[in-house]
Amino acid sequence: MADILIVDDQDRYLELCRAAIPEHRYRGPARNLTEALDLLSRARGRVDCVLLDVHFDIPVSELLGFKEGASPAEVEALKRRQGLLILQELRTRHPDLPVIVMTSREEVVLEREVDGSEEFTYFLDDDYVDARALQGQLASIVSLRRSTQADGPVFWGRSLAMRRIRQRLSVVARGRLPVVLLGPTGTGKSLIARHFVHARSGRSGRFIAVDLSTVPPDLMAAHLFGSVKGAYTGSVGDRTGAFEAAHQGTLFLDEVGNLGMAAQKLLLSVLQEGRITRLGDLKERAVDVKLVVATNEDLAQRVRAGSFRADLYMRLNPATAVVLPALSDRSLDTVELLRFCLERALERPYLRELLGEYRRAAGLEGTRVRVVAGASAPKSVPGVLVLLFPERTMRLLRQHHWPGNLREFAMTAENAVLFAVAEMTAAEGGDRSDVIVVRAKLIKDLLGALPDQAASQEDAGAGIRVVLRPHETLNKVSVDCERQYFVALYLQTGGDFGAMAEALLGDRAHARKIQLRFNQLGLKVRELKERL
Amino acid sequence: MNVYPSMSIGKVPESDHRALLEYVSRLKHDLGKYVRFQSRWLPEDADLQTRREALAADLLHTRRGPDGSVDAIAVWAEFAPGLSGGSEVGGCRFDLRDDPDVEAIFKGMQALGPVIEGLRGAQVDAVLVAEGERAAKSVAEAIRALVDRVRAAGPASG
């Protein structure tokens with residue numbers, strides 16, 4: 001069952017959908033933008049798809065785009081494309097919410113509001129839609145949305161880089177070939193191995209993780225392949241190794257660069273033969289394991305230096321290695337990552353207890369917590385405690401270089417909540433006891449305690465090339481730099497002007513400003529799309 | 001004012017094409033889509049009573065708005081003059097009565113007259129329901145064909 005919001009000035013679609021496609025839950029109809037936003041807000045992210053009519057015969061006071069003095073013909077034209085204006089507004093607040101515009105693309109091709117490239121906007125194949133056609137379209141859209149949501153917030157993101165990583169991992173997760181995860185420390189490699197690769201591997205066995213940087217070199221082979229009693233000094237009994245434990249499942253070897261030469265040879269043998277022999281044993285045992293290895297080292301360099309076996313390196317399938325970006329390159333995903341980290345943090349007993357104490361002291365009921373980022377405090381809802389990260393706070397979080405990546409980010413987010421609750425408790429009697437504000441100053445203090453590696457990170461992102469030529473005006477140099485910056489950001493966001501606006505101006509609603517500047521700089525979307 | 005008497009759609013010059021396309025697109029939305037809006041959603045084995053109710057909803061309440069509903073004949077009455085040279089469309093007059101699709105719309109709407117009268121008087125038997133469904137379908141399809149041809153004749157169609 002999917003949750004469908006109908007935005008229509010009439011009840012007709014609602015009645016038909018309820019009668020002919022009863023398997024879904026329907027909300028609405030919302031008669032205008034205000035009602036639609038209100039229903040979406042109350043649904044708290046549970047709406048899977050919006051059915052949006054185009055012609056709205058509603059009072060002029062509710063019409064988007066209405067200007068005093070408009071002629072009857074202009075008002076009529078506005079009513080006939082009102083749905084498209086509503087769509088534009090919905091997009092600024094719900095950029096990835098699937099919307100089916102209840103008309104065919106041909107019927108709106110002349111309207112300036114329509115951006116045919118919108119990723120989550122769908123049109124009817126036929127204006128004369130019937131139940132079966134709409135049922136099919138809804139099913140495929142909802143299924144696509146569910147599969148995307150199942151990716152999990154860590155891997156979810158609007159940046160093109162993360163979307164490509166997801167696609168690639170989905171492919172390599174299946175089959176028997178090993179997966180190599182590369183990237184700086186703290187970028188979520190183990191999370192991805194456990195929650196993404198293993199989850200999509202189709203394997204019934206367990207997920208076993210071994211951090212090789214914590215295993216003493218002389219015990220590494222026994223740890224991975226097992227041992228029998230007396231195989232080495234202190235071996236008092238038979239021991240099952242990580243490979244056997246992960247049989248028919250996934251084995252994640254973190255910091256694989258720490259693997260000693262002897263263990264490397266054994267690992268190569270397992271990859272080639274699919275069998276292991278416990279240390280001190282003669283018996284071979286078949287193992288069927290999906291191997292995922294991770295490192296922040298340059299393994300190819302290690303091969304050249306002779307400290308990592310070339311044959312093992314080739315067996316690890318380096319051609320399909322997935323490189324996870326540093327957090328500083330994922331500023332577009334800050335809000336989603338913040339929600340993810342706080343959801344996890346709020347599962348910890350001590351934080352739950354702290355919030356419980358705060359609620360009791362403030363006389364608040366309920367247990368629900370809502371994270372609001374980059375906006376003002378929402379209306380008070382009984383039973384809901386709001387963790388508010390204002391725009392200034394979000395800007396700091398986006399701009400920080402995060403040398404410790406996701407790990408550091410998660411720690412900062414958790415600390416921010418702890419200290420914000422403490423601040424609120426100490427302040428006593430603010431305007432809204434149901435809103436805990438994480439102020440920018442608090443984040444500044446928390447980040448100030450961490451080493452800033454900005455300088456060393458400068459070369460990590462895309463660079464801007466400046467060629468010094470005599471007699472060139474400063475304005476031309478500046479425009480040239482700006483043009484390069486816009487191109488890099490356009491490519492990074494996958495051509496999403498809303499995301500560019502969010503990155504540059506802190507608000508997706510300014511997408512048109514960005515698009516205008518884009519045009520002023522003489523950049524051609526059509527040409528850049530080919531590079532996406 | 002440009003006047004186009006009994007001409008074929010392909011001969012409308014580019015400068016006036018958009019006005020005509022917008023006009024027939026409105027006709028498609030207001031009449032073509034709603035003249036069999038509910039009937040189209042019915043399962044093939046729907047019983048007579050269900051079909052009658054759907055037909056009544058489609059033909060008697062073709063357009064619904066804050067001021068109430070309007071039947072299919074009244075909706076068509078708004079558009080017919082614009083296609084038969086009786087009223088201006090975007091500063092032009094188009095007389096398309098010889099066009100086969102426009103002719104089919106006129107004919108279909110004529111056939112719907114007695115059906116609508118019958119539905120108002122609640123005197124509709126299975127034969128009249130079938131006749132109403134057939135005529136509504138022919139109107140909807142003729143409007144669709146008309147819009148497609150007008151669009152295809154335009155400058156954007158290449």
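Residues numbered from 1 in each chain as written. Chains lettered and ligands numbered in written order. Predicted model: local features only at pLDDT ≥ 70, side-chain atom pairs only at ≥ 80, totals over all residues. Heavy atoms only, no water.

As for the overall build of chain A
- What chain A contains, in helices and strands, is 22 helices and 15 strands.
- Counting the 532 residues in chain A, one finds 47% classified as buried.
- Taking contacts inside chain A between residues at least 6 apart in sequence as the whole, the part at least 24 apart equals 66%.
- Surface exposure of chain A reaches about 26,600 Å², of which carbon and sulfur atoms provide 51%. (Helix = DSSP H or I, 4+ residues; strand = E, 2+ residues; numbered from the N terminus. Buried < 20%, exposed > 50% of the residue type's maximum accessible area, 1.4 Å probe, protein only. Contact = heavy atoms within 4.5 Å. Areas by Shrake-Rupley, 256 points an atom, 1.4 Å probe, with all protein chains shown as cover.)

Some points on the overall build of chain B
- From N to C terminus, chain B includes five helices and four strands.
- Going residue by residue from the N terminus, the α and β elements of chain B occur as β-α-α-β-β-α-β-α-α.
- Split into buried and exposed, the 158 residues of chain B put 48% on the buried side.
- Taking as baseline every contact in chain B between residues at least 6 positions apart, the subset at least 24 positions apart corresponds to 67%.
- For chain B, the computed accessible surface area is about 7,300 Å², with 51% contributed by carbon and sulfur atoms.

Brief notes about helix α4 (residues 100-120) of chain B
All names here are of chain B.
- An ideal rise of 1.5 Å per residue puts 30 Å on 21 residues; α4 measures up with 30 Å between its terminal C-alpha atoms.
- The sharpest bend along α4 comes to roughly 30 degrees, located at Gly113, with the proline Pro114 sitting one to four residues further on.
- Among the residues of α4, those classed as buried are Asp101, Val102, Ile105, Gly108, Met109, Ala111, Leu112, Val115, Ile116, Gly118 and Leu119.
- Sitting at the head of α4, Asp99 places a side-chain oxygen 2.9 Å from the backbone nitrogen of Asp101.
- Trailing α4 by a residue or two, Ala122 shows a phi angle of about 55 degrees, which is positive. (Expected span 1.5 Å × (residues − 1). Bend = angle between axes of the 7 residues up to and from the residue. Polar contact = N/O pair within 3.5 Å; in protein donor to acceptor, adjacent residues only side chain to side chain.)

A short note on the pattern of salt bridges
- By the definition in use, this model includes 36 salt bridges over all chains.
- When the shortest N-O distance is used, the salt bridge between Arg309 of chain A and Asp311 of chain A registers 2.9 Å.
- With a shortest N-O distance of 3.0 Å, Glu133 of chain B and Arg51 of chain B are connected by a salt bridge. With Glu133 of chain B in helix α5 (residues 126-153) and Arg51 of chain B in helix α2 (residues 48-60), this residue pair connects regions lying 82 residues apart in the sequence.
- Judged by its relative accessible area of 23%, Glu133 of chain B falls in the partly exposed class. (Salt bridge = Lys/Arg side-chain N within 4 Å of Asp/Glu carboxyl O.)

Quick notes on the confidence of the model for chain B
- Scored by pLDDT, chain B comes out at a mean of 88, with 95% of its residues at no less than 70.
- Among the scores for the predicted complex, ipTM is 0.86 and pTM is 0.50. (pLDDT = per-residue confidence, 0-100.)

Digging into a positive patch on the surface
Residue and element names in this part refer to chain A.
- Taken together, the side chains of Arg25, Arg46, Arg339, Arg368 and Arg370 make up a positively charged region of the molecular surface.
- Residue placement: Arg46 occurs in the loop between α2 (33-43) and β3 (49-52).
- Overall, Arg46 belongs to the partly exposed group, its relative accessible area being 47%. (Patch = residues over 30% accessible without salt bridge, like charges linked within 9 Å, V, L, I, M, F, W, Y side chains within 5 Å. Lys, Arg positive; Asp, Glu negative; His and termini not counted. Charge placed at Lys NZ, Arg CZ, Asp CG, Glu CD.)

Quick notes on the packing of aromatic side chains
Residues and elements named next belong to chain A.
- Summed over the entire model, instances satisfying the criterion amount to 11 aromatic pairs over all chains.
- With 6.4 Å between their ring centres and 20 degrees between their planes, Phe207 and Phe252 make a pair best called stacked. Here Phe207, found in strand β7 (residues 207-211), pairs with Phe252, found in strand β8 (residues 250-254); they are 45 residues apart in sequence, far enough to count as distant. Here Phe207 matches Phe252 in class, with each residue buried. (Phe/Tyr/Trp six-rings, centres within 6.5 Å; stacked < 30°, edge-to-face > 60°.)

Quick look at the interface of chain B and chain A
- Each partner contributes to the interface: chain B provides 26 residues, whereas chain A provides 25 residues.
- Surface buried jointly by chain B and chain A totals about 2,300 Å² across both partners, of which 53% is contributed by carbon and sulfur atoms.
- The closest approach of N and O atoms between Asp126 of chain A and Arg144 of chain B, which form a salt bridge, is 2.9 Å.
- The tally of links between chain B and chain A comes to nine residue pairs in polar contact (both at pLDDT 80 or more).
- Secondary-structure elements contributing two or more residues to the side of chain B that touches chain A are α1 (14-32), β2 (63-65) and α5 of chain B. (Buried area = accessible area lost by both parts, 1.4 Å probe.)

Observations regarding the nonpolar core
- Ranked by internal contacts, the top residues of the largest apolar core, which has 44 residues, are Leu27, Leu31, Val35, Leu59, Trp76, Ile105 and Leu112 of chain B.
- Where this core is concerned, the elements lending two or more residues are α1, α2, α3 (72-83), β4 (92-94), α4 and α5 of chain B.
- Top contributing element to this core by residue count: α5 of chain B, with 10 residues.
- Of all hydrophobic cores here, the second largest spans 35 residues; its members include Leu355, Tyr358, Leu387 and Ala413 of chain A. (Core = buried A, V, L, I, M, F, W, Y, C linked by side-chain atoms within 4.5 Å.)

Overview of the sheet that holds strand β4 (residues 99-104) of chain A
All names here are of chain A.
- Taking strand neighbours across the sheet as the criterion, the five strands line up as β2-β1-β3-β4-β5 in an open arrangement whose pairing is parallel. Looking at the sheet topology across the chains shown, the edges are occupied by β2 (25-30) and β5 (121-124). When the angles between neighbouring strand axes are averaged without regard to direction, this sheet yields 25 degrees.
- Across three bridges, the pairing between β3 and β4 is parallel. Across the sheet, the residue bridging to Leu52 is Val101, located in β4.
- Its contacts with the sheet place helix α1 (residues 12-20) against β1 (3-7), β2, β3 and β4, and it is angled at close to 170 degrees to β2.
- The sheet strands contacting α2 are β1 and β2, and the helix crosses β2 at an angle near 150 degrees. (Pairing = 2+ DSSP bridges. Axes fitted to C-alpha atoms, helices over the stretch in contact; angles between N-to-C directions.)

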